[in-house]
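Notes for the structure review
Letter by letter, the chains look like this.
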Amino acid sequence: MRKYFSVCFILLVFLLCGCAEKSVNDISQLKKTGSMNLEYATQFTVDYLENDTALVSITDGQQYLIIPQNAEFPNVSDKNVTVIRKNPENVYLSASSSMDFFSALNLLDFVEMTSTKAVDWSIPEIREMVENDDIAYVGKYSAPDYEYLITENCGISIQSTMIYHNPEVKEKLNALGIPVLIERSSYESHPLGRMEWIKLYGLLYGIEDEAEDFFNSKRSAVENLKASSSVKPTVAFFSISSNGYATVRKPNDYISEMIRISGGEYIFTADDLNTDENALSTMNMQIETFYEKAKNADILIYNSAIDGGVESISQLVEKADILSDFKAVKSGNVWCTEKNMFQKTTSVSEMILDMNEVINCTQKNELSFLRRLE
């Protein structure tokens, strides 16, 4: 009888173990339970798995297994899979465009370090935090203060693709036990695709509903835009480099798409620019070639991101005399972006609305990201 009960007990334990939830260690065995709904973003996907885990796949081949905070740490043999616990603290944020996602989701308390100096932040709130050491500047992304990262118990490093130019930094961070997430929101060709990366950060901190609501509230304003005319004004978006070249956006860039969504027509086509296959969103052209292609553009928008912009049309013409003969300069339809335009990733809808008012000549209020040059 005792032997009979022993056998039954063993069978019961076996059955219970068989019905128990799989350990996160069994990554290959975890069943897919669904996928994140992404409407514009194309640079990442998310598969939801058993045990409250998720697998994020980036188009560069990197994958990130997001696991619960208290889950058993899995043994992953694939070097392209990085394990990240939810709610990482003491974040070292090197990808400056990601900071706005943390701000929008009220997650700045989790950010401890940055590789962008205070003077280079165009978002006042972030600049002040870095100036006050609420967020510490720990050196350039290519040479961070590793000792500081260790002392502050860094939970994750979020990097832009610039880290690929210094792979030894990623290797060092990994060796220190700091997971590295390389994000590619800047590679999205649709502006709402860039903003949709907020859903990834919502997943990382367990606030996906908040991220979804934020995204939906922003996109609705853009999707409801209606063209005021069948005739689309032509727009040139550019800057003048220190060596006299015109730096323009490629026609498949998200800025070019913003112009199209706003009711304009980007002045340059792929045939005009002879674009190559590199990942850069901009290219340089001789000022004479720029004149030939853009002199009759209805609207000029000067990009302030690199040199801080210009204050007047005369100051713009000082950069290149040839600009004085442009149609938009003669008509006074010249604008300049505010410097915070490129760090305010979650404000692409407001940027598009600004462009829409400029393109359709319906400006009623002070714009957030564009100002007319006099």
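For clarity, every value in this text was computed on a predicted model and none was experimentally measured.

1. Topic: the overall build of the protein
Helix and strand counts for the protein come out as 14 helices and 17 strands. Here the protein holds 374 residues, and 49% of them are scored as buried. Put simply, of all contacts in the protein between residues at least 6 apart along the chain, 60% involve residues at least 24 apart. Taken as a whole, the protein presents about 18400 Å² of accessible surface, with 48% of it coming from carbon and sulfur.

2. Some details on the sheet that holds strand 10 (residues 180-182)
An order of 8-7-6-9-10 is seen for the five strands of this open sheet, with the pairing classed as parallel. Two strands lie at the open edges of the sheet, namely strand 8 (136-137) and strand 10, each paired on one side alone. As defined by bridge partners, strand 6 (residues 91-93) adjoins strand 7 (residues 111-114) across three bridges and the pair is classed as parallel. Bridge assignment links L93 to a residue of strand 7, and that residue is T114. The strands touched by helix 5 (residues 167-175) are strand 9 (156-159) and strand 10; relative to strand 10, the strand with the most contacts, the crossing angle is about 145°.

3. Notes on the nonpolar core
Buried together is how nonpolar side chains tend to be arranged in soluble globular proteins. Core analysis: the biggest nonpolar cluster contains 105 residues, and F102 and F290 have the highest contact counts within it. When sequence neighbours within four positions are dropped, the list of residues in contact with F290 reads F238, A246, V248, F268, M285, K295, L323 and F326. Ranked by size, the runner-up nonpolar core spans eight residues in total, among them L55, I67, A71 and V83.

4. Focus on the confidence of the model for the protein
Residues with a pLDDT of 70 or more make up 89% of the protein, whose mean pLDDT is 88. For residues 1-23, every residue scores under 50 in pLDDT, and the model assigns this stretch eight contacts once sequence neighbours within four places are set aside.

5. Focus on the environment of V46
Tracing the backbone through its elements, the reader meets V46 in strand 2 (residues 44-49). Along the sequence, V46 and L200 sit 154 residues apart, while their C-alpha atoms lie 8.2 Å from each other. Leave out the neighbours within four places in its chain, and V46 touches G34, S35, M36, A54, L55, V56 and L203.

6. Describing the layout of surface pockets
Roughly 250 Å³ of volume is contained in the second largest pocket. Taken together, 13 residues form the lining of the second largest pocket, with R85, P88, C154, G155 and P179 sitting closest to its centre. Taken together, the residues of the lining of the second largest pocket break down into six nonpolar, five polar and two charged.

7. A word on helix 11 (residues 287-294)
Within the sequence span of helix 11, burial applies to I287, F290 and A294. For helix 11, the angular spread of buried residues about the axis comes to 55°, placing them on one side. The inward-facing, buried residues of helix 11 contact strand 11 (234-240), strand 12 (246-249) and strand 14 (282-285).

8. A closer look at the side chain of T116
Here T116 is to be found in the loop between strand 7 and helix 3 (124-131). Not counting residues within four places of it along the chain, the set of residues in contact with T116 comprises S96, W121, V130 and Y137.

9. A look at the side chain of Q62
Looking at where Q62 falls in the secondary structure, it is placed in the loop between strand 3 (53-58) and strand 4 (63-67). When its relative accessible area of 10% is taken as the criterion, Q62 is described as buried. For Q62, the contacting residues outside a window of four places in its chain are V56, S57, N80, Y164 and K170.

10. So, unusual backbone geometry
Even without glycine at this site, D133 takes up a positive phi of about 65°. Structurally, D133 can be placed in the loop between helix 3 and strand 8. By relative accessible area, which is 59% here, D133 ends up exposed. At N153, a residue that is not glycine, the phi angle is positive and equals roughly 55°. Along the polypeptide, N153 turns up in the loop between helix 4 (146-151) and strand 9.

11. Some details on the pairing of strand 11
In terms of burial, strand 11 is largely enclosed, as seven of its seven residues are buried. Relative to strand 15 (residues 299-302), strand 11 runs parallel, the two being bridged by four bridges. From the neighbouring strand, F237 faces strand 15, where its bridge partner is I301. Sheet analysis places strand 11 next to strand 12, joined by three bridges and oriented antiparallel. Each bridged residue has a counterpart across the sheet, and for I240 the counterpart in strand 12 is A246. Here strand 11 folds back onto strand 12, and the loop between the two strands holds five residues, one of which, G244, carries a positive phi near 90°.

12. Side note on the sheet that holds strand 5 (residues 81-85)
Taken together, five strands build an open sheet; the order of strands is 1-2-3-4-5 and the sheet is mixed. Of all the strands in the sheet, the pair left with one neighbour each is strand 1 (32-35) and strand 5. Between one strand axis and the next, the sheet turns through 25° on average, direction left out of account.

Conventions used here
- Residues numbered from 1 in each chain as written.
- Predicted model: local features only at pLDDT ≥ 70, side-chain atom pairs only at ≥ 80, totals over all residues.
- Heavy atoms only, no water.
- Helix = DSSP H or I, 4+ residues; strand = E, 2+ residues; numbered from the N terminus.
- Buried < 20%, exposed > 50% of the residue type's maximum accessible area, 1.4 Å probe, protein only.
- Contact = heavy atoms within 4.5 Å.
- Areas by Shrake-Rupley, 256 points an atom, 1.4 Å probe, with all protein chains shown as cover.
- Pairing = 2+ DSSP bridges.
- Axes fitted to C-alpha atoms, helices over the stretch in contact; angles between N-to-C directions.
- Core = buried A, V, L, I, M, F, W, Y, C linked by side-chain atoms within 4.5 Å.
- pLDDT = per-residue confidence, 0-100.
- 1 Å grid on protein atoms, 1.4 Å probe; cavity = no way out; pocket = protein on both sides within 12 Å on 5 of 7 lines; lining within 4 Å.
- Points joined across faces, edges and corners; volume = space filled by probe spheres on them.
- Nonpolar A, V, L, I, M, F, W, Y, C, P; charged D, E, K, R; others polar.
- Arc of directions from axis to C-beta.

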